[in-house]
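Inside the fold
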Amino acid sequence: MTFVWFINRHVAVWVSAFLMALTLSATPCLFAEDISNLLANATEAYKQKDFKQALEYFNKAMAVDTNNLPAYWGSAAAHGNLNQYKEAESDLTRAIERSTNNVSSSYSYLMRGCFFEQVTNYDKAVDDFSKSAQINPSFPLAYVNRAYAYNLSGHYDLSIIDCNMAISLDPDCADAYRYKATALYRQQKYDKAITAYDAAIQLNPNDDWLYGARALAYSQLNNYTATIKDFDRSIQLDPKSAVTFANRGLVKSRIGDFKGGIADCYIGISLDTNCFLACNNLAWLLSTAPTPKLRDGQKAVAYATHACELTSWKEPYSLGTLAAACAEVGDFTNAVKWESKCILIGLPEKDMPQARKELHLFEDNKPYHTNK
């Protein structure tokens, strides 16, 4: 049961917000010399990922000036990195209460919204982003972050509306094009998603993730030449991405290059032995390759089992892969068991006919091999 894993990536604003806030606040009257030094020390500690030390400096800054918003923003970011979410939320709420103008108020709501987004409370995140936009309607980050929250909660039409609003306010906002493309991809509007990814890449040509995401859109249109070209570029920019190697390996098999696909999956596993996608895709190719010399049922069972373990035996595609691996070694009882469970858990409707085809083969004590 072949598939491509799509991963969203979002750089959280709230965990690094104070770094931007220091440049956006434009209120130097808030910063006495000692406050500036404390914030500078806190920022440096934060950059070094010494979050406890950063907190000490932020707390000192707040003690000197109880209305210093960047200190609260930074403290929230440090608490967040220490998984101290109650304290982080408290810091951001206090920042909202102490905001004295539209700029600082909208930014404080923005960051608390990003906090709620990170802890998967999307309703509260959307509410805070909406307040940020209401206070400052020309603030593109409010719309961009709300668009991302809408994507996470499956409201793709609303996400696209917000992305378009952000783009109208800031035509160079790469994230707006990124999230618009993601929403269009989820709606299976792959041509339009590619157009949005094109715009994002033009603005940010060295973002490996964008090439990988556009590659997946091309793959949905069966344009495997463009798919592999984008995966090549993504790997060139980030040669340590196990996921990208695993994705490229699967796509290579679709153009008949099973040897190259298997090699890519092995590279993915060498980069990350716990990469579910690399384990799953390698097991699939070792089970279903069209020529016997490329198949290795024993290894396929081992890698497929590990993929199932990594996903707590709840991912239907990995169960389907394990079924194919079991069939390859002649264990048709378990092949039927795992393929049946794959179907029971549920797959997208477009993949169900293939799963049933494989199940019928296993019931007839036959393995599944591709035709290429």
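Fair warning: this is a prediction, and the values are worked out from it, not measured in the lab.

When you line up the elements, Thr43 lands in helix H2 (residues 33–47). Of note is the side chain of Thr43, whose polar atom sits 2.7 Å from the backbone oxygen of Leu39.

With that settled, consider unusual backbone geometry. Of note, Asn222 is a non-glycine position whose phi angle comes to about 60°, a positive value. Take Asn222: it is sitting in the loop between helix H12 (208–220) and helix H13 (224–237). Judged by its relative accessible area of 52%, Asn222 falls in the exposed class. Positioned with a positive phi, Trp313 is a non-glycine residue whose angle comes to about 60°. Its place among the elements puts Trp313 in the loop between helix H17 (297–310) and helix H18 (316–328).

For the rest of this paragraph, the subject is the environment of Asp50. Of note, Asp50 is situated in the loop between H2 and helix H3 (51–64). Here Asp50 falls in the partly exposed class, since its relative accessible area comes to 36%. Linking Asp50 and Leu82, residues 32 residues apart in sequence, is a C-alpha distance of 9.9 Å. For Asp50, the side chain forms a polar contact with the main-chain nitrogen of Gln53, separated by 3.2 Å.

Here we take up the packing of helix H10 (residues 174–186) against helix H11 (residues 190–203). As a packed pair, H10 and H11 sit with axes 8 Å apart at the nearest point and diverge in direction by 165°. It follows that H10 is roughly antiparallel to H11 by the angle criterion. Between H10 and H11 the crossing geometry is left-handed. Of the residues in H11, those touching H10 at Ala174, Tyr177, Arg178, Ala181, Thr182, Leu184 and Tyr185 are Tyr190, Lys192, Ala193, Ala196, Tyr197, Ala199, Ala200 and Leu203.

A separate point is the packing of helix H9 (residues 156–169) against H10. Between H9 and H10, the shortest axis-to-axis distance is 9 Å and the interhelical angle comes to 155°. With respect to their mutual orientation, H9 and H10 come out roughly antiparallel. For the element pair H9 and H10, the recorded crossing hand is left-handed. Residues Tyr156, Ser159, Ile160, Cys163, Asn164, Ala166 and Ile167 of H9 touch H10, and the partners they reach there are Ala176, Tyr177, Tyr179, Lys180, Ala183, Leu184 and Arg186. When its residues are assigned to classes, the contact of H9 with H10 shows 10 nonpolar, two polar and two charged.

Here we come to the confidence of the model for the protein chain. Mean pLDDT for the protein chain: 91, with 91% of residues reaching 70 or above. Contacts for the low-pLDDT stretch residues 1–18, under 50 throughout, to residues beyond four places or in other chains number 82 contacts.

Before going further, it helps to examine the pattern of salt bridges. Once the charged atoms of two side chains with opposite charge are near each other, the side chains can pair. Applying the stated criterion to the full structure yields 14 salt bridges. The shortest N-O distance in the salt bridge between Asp264 and Arg248 comes to 2.6 Å. Of this pair, Asp264 sits in helix H15 (residues 258–271) while Arg248 is found in helix H14 (residues 242–254), placing the two residues 16 residues apart along the sequence. When its relative accessible area of 3% is taken as the criterion, Asp264 is described as buried.

Between the first and last C-alpha of helix H6 (residues 102–118) there are 24 Å, a value that for 17 residues agrees with the 24 Å anticipated at 1.5 Å per step. Burial of H6 is extensive: 14 of the 17 residues sit out of reach of the surface. Taking the backbone nitrogen of Val103 as reference, a side-chain oxygen 3.1 Å away marks Asn101 as the first, capping residue of H6. One or two residues past the end of H6 sits Thr120, with phi positive at roughly 60°.

The next thing to look at is the packing of aromatic side chains. Within the structure shown, the criterion is met by 11 aromatic pairs. Ring geometry for Tyr185 versus Tyr190: centroids 5.3 Å apart, planes at 70°, classification edge-to-face. On the basis of relative accessibility, which here comes to 14%, the residue Tyr190 falls in the buried class. Here the aromatic rings of Tyr197 and Trp209 are separated by 6.3 Å at their centres, their planes lie at 65°, and the arrangement is edge-to-face. Taken as a pair, Tyr197 in helix H11 and Trp209 in helix H12 lie far apart in primary sequence, 12 residues in all. Here Tyr197 matches Trp209 in class, with each residue buried. Each residue in the set Trp73, Tyr107 and Phe139 is aromatic and connected to the rest through ring pairs, giving one cluster.

What counts as what
Residues numbered from 1 in each chain as written. Predicted model: local features only at pLDDT ≥ 70, side-chain atom pairs only at ≥ 80, totals over all residues. Heavy atoms only, no water. Helix = DSSP H or I, 4+ residues; strand = E, 2+ residues; numbered from the N terminus. Polar contact = N/O pair within 3.5 Å; in protein donor to acceptor, adjacent residues only side chain to side chain. Buried < 20%, exposed > 50% of the residue type's maximum accessible area, 1.4 Å probe, protein only. Axes fitted to C-alpha atoms, helices over the stretch in contact; angles between N-to-C directions. Parallel < 35°, antiparallel > 145°, perpendicular 65-115°, else oblique. Left-handed = near helix turned anticlockwise from the far one by under 90°. Contact = heavy atoms within 4.5 Å. Nonpolar A, V, L, I, M, F, W, Y, C, P; charged D, E, K, R; others polar. pLDDT = per-residue confidence, 0-100. Salt bridge = Lys/Arg side-chain N within 4 Å of Asp/Glu carboxyl O. Expected span 1.5 Å × (residues − 1). Phe/Tyr/Trp six-rings, centres within 6.5 Å; stacked < 30°, edge-to-face > 60°.

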